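An overview of the molecular structure
Spelled out from the first residue to the last, the chains are:
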Amino acid sequence: MCASKPLRPNPDSMTPLTPLRSVVLASLAIALGVAGKPCLGDEPQLFFEEHIRPILKAHCFDCHGATEELEGSLDLRQVRLMQAGGDSGPAIIRGDAETSLLLERVRSGEMPPGDTRISPEELDTLTQWVAAGAATKRPEAETIEPGLGITPEERAFWAFQPLVRPTLSDAAASECSPIDQLLALSSTAASTGDASAAGIPEPADRRTLVLRAFLTLTGLPPTYQDVLRWQADPRDDWLAHLTDELLASPHYGERWARHWLDVAGYADSEGATTADALRPWAWKYRDYVVRAFNDDLPFDRFIAEQLAGDELAGPQQGDWTDEQIRLLTATGFLRMAADGTGSGGDTPEGRNQTIADTVRIVGTSFLGLSVHCAQCHDHRYDPFLHTDYTALRAVFEPALDWQAWKTPSARLISLQTEAERAKAAEIEAEAQKVAAEKEQKQQAFIAEAVEMELAKFEEPLRAQLRAARDTAADARTAEQQALLKSHPSVNVTPGVLYQYLPKAAEELKAFDARIAEIRSTKPAESFVRGLVEPAGHAPETRLFHRGDHAQPKQVVSARPPLVVMPEDAVLTFAHDDSSLPTTGRRLALARWLASTDNPLTSRVIVNRIWMHHFGTGLVATPADFGTLGGRPSHPELLDWLAADFMEHGWSLKHLHRTIMQSAAWQQPRDGGPSHGLPTTLVRLDAEAIRDRMLAITGRLDATLYGPPLPVKEDDTGQTVVDGPQSRRSLYIQQRRSQPVAMLQAFDAPVMETNCEARPISTVATQSLILLNGSYILEQAAVVAERAEALAAAINTTAVPGIEAFTSLLSPTDLSPAAVVAAWRLAYTRDPTPSELAAIASFAREQLTTLRADPSKLVEGRSPPQQVLINICQVLLSSNEFLTIE
């Protein structure tokens, strides 16, 4: 048990990672959530900047302030401008809520236009504010720049503040992990004001922790023998050793790559059009991610390679090196967005949509922000300007230039070496020799066929047809053309030769077979699906009015969003890197993302890792750290984790160790509250459910990497794996238009853009899949077969409840050892007496039914075999099997 020590924040010990921006004290207090609203008497006073502007920004600024063209000449960005009014007069009259035109229009439903309405609560706030005199927090500027700008209140939002790492108690550190200290501080201090009163529960039992560690880190279950080994480990730090062992497993990379591939929007097809063309080389990016996680590639480097691997790789000089190929493969991240431009969707709209989806993936994955909502106008809720979105797009414009577009096939990067190219040319030359022989032979056959046909005509027609036939097509007279048209039988071509000389056609086919055989010996050419920026290509990026590419406005330079830049900074990527043949903008963005100037990325990444351990992030909305997203449940812990992550080289494996060594991670998940953390069971995701079933059959193919397993529709119209079911789900083809039925039922994403966080649903289709799905029926039969094979080596005499079980069923009815073996395979434990009693009752009923009506048996199975299979299916469908304890 971890005994908590008194922990109270000391202002002198809070270490900022970056210099604090100059922000007014009131705004900072709002962001920290420790200051109440300023009061006038007993009623809280409403201010334009804090309470009114967010309402107007969400509903009104699009027409009345965001652009230079003001509807009705009315600007609502300042109170003085609202008083000045527009074509219809003043918008508000201070102190007069009844006759203020703005409120009249809102109350009547005339404004805002469209289906969205101001809520009653928002209208009440507006009314109170006007009635109280329409107060502002500070004097308003006499002039105002175009656009909405960013207010101190918006800059003071928690997500945009620099990381502040709390200094922890040295005394407590010897007994509690930093995570436990911070959890105790935040929960107890918040409820009682006394951090010393908090405590962390005793850890769960070892078997539960072993299962939790295996399933969390590798997505595969331990064996019964694994559990026994770790239960018997005498070391106090046994869990640390288990964690290290699992982090060194290649299956760790497979498991955690799956999480990142969701964020990246990974798919093996293009989407965007009904063709949903396949991406035959996308799997190389998937394999890159697996290797990156297994190698514990520092996450800041992982960011740089995915955003700018081509700029890191440099130009090709001879053959691509292995390192260059790895870096180019990493840029597959920027080619995950749906792209139908190679399958009927190559339009300006299609090209710009692919760019927009790419920017969205970057924004949600690395910034945790909905920057895409500023594509057509300033963000209605968050301080992201339309120019911010365009500036981020400008980072990618040189490589994704919609006016100099490349279709997916044109972007493929050939990995063919010079030696392979020379060998292929040599083999092609040999094939061309055979092709020349074929052509010579074919022309002789055509001439023979023509003579056969001409012989059917009398002179002088025969001579006239021959002359017309021998004359070049572009030199024939009108009379010759008409003559050949009226006698089509002499127009012998390769395509119809078989009609005249069937044996000749067969002989020519033999030439084709020889050519194909020769060409089949060419070295196979492989490709990388990546993004390469052309050297010296730096097109201008223009803001699209209302997001319309046909209405380009001012040029915008590449830079980060203004709200996460110091107010006095002039940080821009516009001055391209002269040391690179490319602009270097994507590399500059990657470096900024991983710098201490950016408070978002490290928070976003550690929050995602935390989410996959606990089922919920410290911020419940992992891709939205903005106004509409969740607030951190434990802000000090989030910042400590982010700072510690950066200080330890952006190592994900270090972060896993830190989390798993905490008492918070080790506590039982029994549903009881613990420092605001979820302690309920976490359901396995779709792939882990399928893989766990596959693992206990003993037929799991542990091979890593390679092309995906194809999918097909079965006789019922459901999409299933086309071929052996032995590989992990990570390696199943992810086609947008053909999601695998079982995986989709358990919430695997059907990738439109990317998957920011998977939902956890409980729906009827899951029960139907578990009851009738071909995959689970097949796996249950294999588990039963394996249990029977293992039964001979199991001594059941020490299993509590086994005597009562055998008194109800004879071994010929149902082998007790096979039942115990099935439990050990599925649950890594022995059945309890109550479970054995329930199984005995179930088996007796089933056996009676099956023996009375053999038609209910699957062909070739005896009643005891079918009963054991049914029992195994029940185990595979149980909560204990489908969840992480």
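Further up the page is the structure itself.
Just so you know, these numbers come straight off a predicted model, no measurement behind them.

1. Let's talk about the overall build of the protein chain
Scanning the protein chain for helices and strands turns up 37 helices and 12 strands. Dimensions of the protein chain, computed from the C-alpha atoms along their principal axes, are close to 120 × 90 × 55 Å. Out of the 885 residues in the protein chain, the part that is buried amounts to 52%. When the accessible area of the protein chain is evaluated, it comes to approximately 39,000 Å², of which 54% is carbon and sulfur surface. Distance between charge centres in the protein chain, computed from 83 positive and 117 negative side chains, equals 4 Å.

2. Notes on the nonpolar core
Trp129, Trp260, Tyr285, Phe299, Leu307, Phe333 and Phe396 are the most contacted members of the largest nonpolar core, which totals 136 residues. Leucine 307 has contacts with Phe333, Leu334, Val362, Phe366, Phe396, Arg586, Leu589, Ala590 and Leu593, leaving out every residue within four places of it along the chain.

3. Details of the layout of surface pockets
Size it by volume and the second largest pocket reaches roughly 1,100 Å³. What lines the second largest pocket is a set of 38 residues, among which Glu145, Pro146, Gly147, Leu148 and Gly149 lie closest to the centre. Of all the elements in the fold, those that place two or more residues in the lining of the second largest pocket are helix 2 (48-59), helix 6 (152-155), helix 17 (386-396) and strand 8 (552-555). If you tally residues by element for the lining of the second largest pocket, the top one is helix 2, at three residues. Counted by class, the lining of the second largest pocket contains 13 nonpolar, 11 polar and 14 charged residues.

4. Thoughts on the packing of aromatic side chains
Scanning the entire structure with this criterion turns up 20 aromatic pairs. Both rings, one in tryptophan 610 and one in phenylalanine 614, keep their centres 4.2 Å apart while their planes meet at 20°; by these two values the pair is stacked. Pair noted here: tryptophan 610 and phenylalanine 614 are both in helix 25 (residues 601-614), with a separation of four residues, about one helical turn. Here tryptophan 610 falls in the buried class, since its relative accessible area comes to 1%. On the accessibility criterion, phenylalanine 614 (3% relative accessible area) is buried. Seen from the ring of tryptophan 665, arginine 212 lies directly overhead, with NZ or CZ sitting 5.5 Å from the centre. Lying over the aromatic face of phenylalanine 881, arginine 692 brings its terminal NZ or CZ to 4.6 Å of the ring centre.

5. A few points about the environment of leucine 655
You can see leucine 655 is positioned in helix 27 (residues 652-660). In sequence terms leucine 655 and phenylalanine 645 are 10 residues apart; their C-alpha atoms lie 6.4 Å from each other. The contact partners of leucine 655, leaving out residues within four places of it in the chain, are Val606, Ile609, Leu641 and Phe645.

6. Some words on the pattern of salt bridges
Scanning the model with the defined rule gives 57 salt bridges in all. In this structure, glutamate 507 engages lysine 441 in a salt bridge whose closest nitrogen and oxygen atoms are separated by 3.7 Å. With glutamate 507 in helix 23 (residues 502-519) and lysine 441 in helix 19 (residues 418-454), this residue pair connects regions lying 66 residues apart in the sequence. Since its relative accessible area comes to 34%, glutamate 507 is described here as partly exposed. Measuring nitrogen to oxygen at the nearest pair gives 2.7 Å for the salt bridge that ties arginine 758 to glutamate 687. With arginine 758 in the loop between helix 30 (741-745) and helix 31 (764-772) and glutamate 687 in helix 29 (residues 686-697), this residue pair connects regions lying 71 residues apart in the sequence. In terms of burial, arginine 758 and glutamate 687 fall into one category: buried.

What counts, and at which threshold
Residues numbered from 1 in each chain as written. Predicted model: local features only at pLDDT ≥ 70, side-chain atom pairs only at ≥ 80, totals over all residues. Heavy atoms only, no water. Helix = DSSP H or I, 4+ residues; strand = E, 2+ residues; numbered from the N terminus. Buried < 20%, exposed > 50% of the residue type's maximum accessible area, 1.4 Å probe, protein only. Areas by Shrake-Rupley, 256 points an atom, 1.4 Å probe, with all protein chains shown as cover. Lys, Arg positive; Asp, Glu negative; His and termini not counted. Charge placed at Lys NZ, Arg CZ, Asp CG, Glu CD. Core = buried A, V, L, I, M, F, W, Y, C linked by side-chain atoms within 4.5 Å. Contact = heavy atoms within 4.5 Å. 1 Å grid on protein atoms, 1.4 Å probe; cavity = no way out; pocket = protein on both sides within 12 Å on 5 of 7 lines; lining within 4 Å. Points joined across faces, edges and corners; volume = space filled by probe spheres on them. Nonpolar A, V, L, I, M, F, W, Y, C, P; charged D, E, K, R; others polar. Phe/Tyr/Trp six-rings, centres within 6.5 Å; stacked < 30°, edge-to-face > 60°. Lys NZ or Arg CZ within 6 Å of the ring centre and 35° of its normal. Salt bridge = Lys/Arg side-chain N within 4 Å of Asp/Glu carboxyl O.

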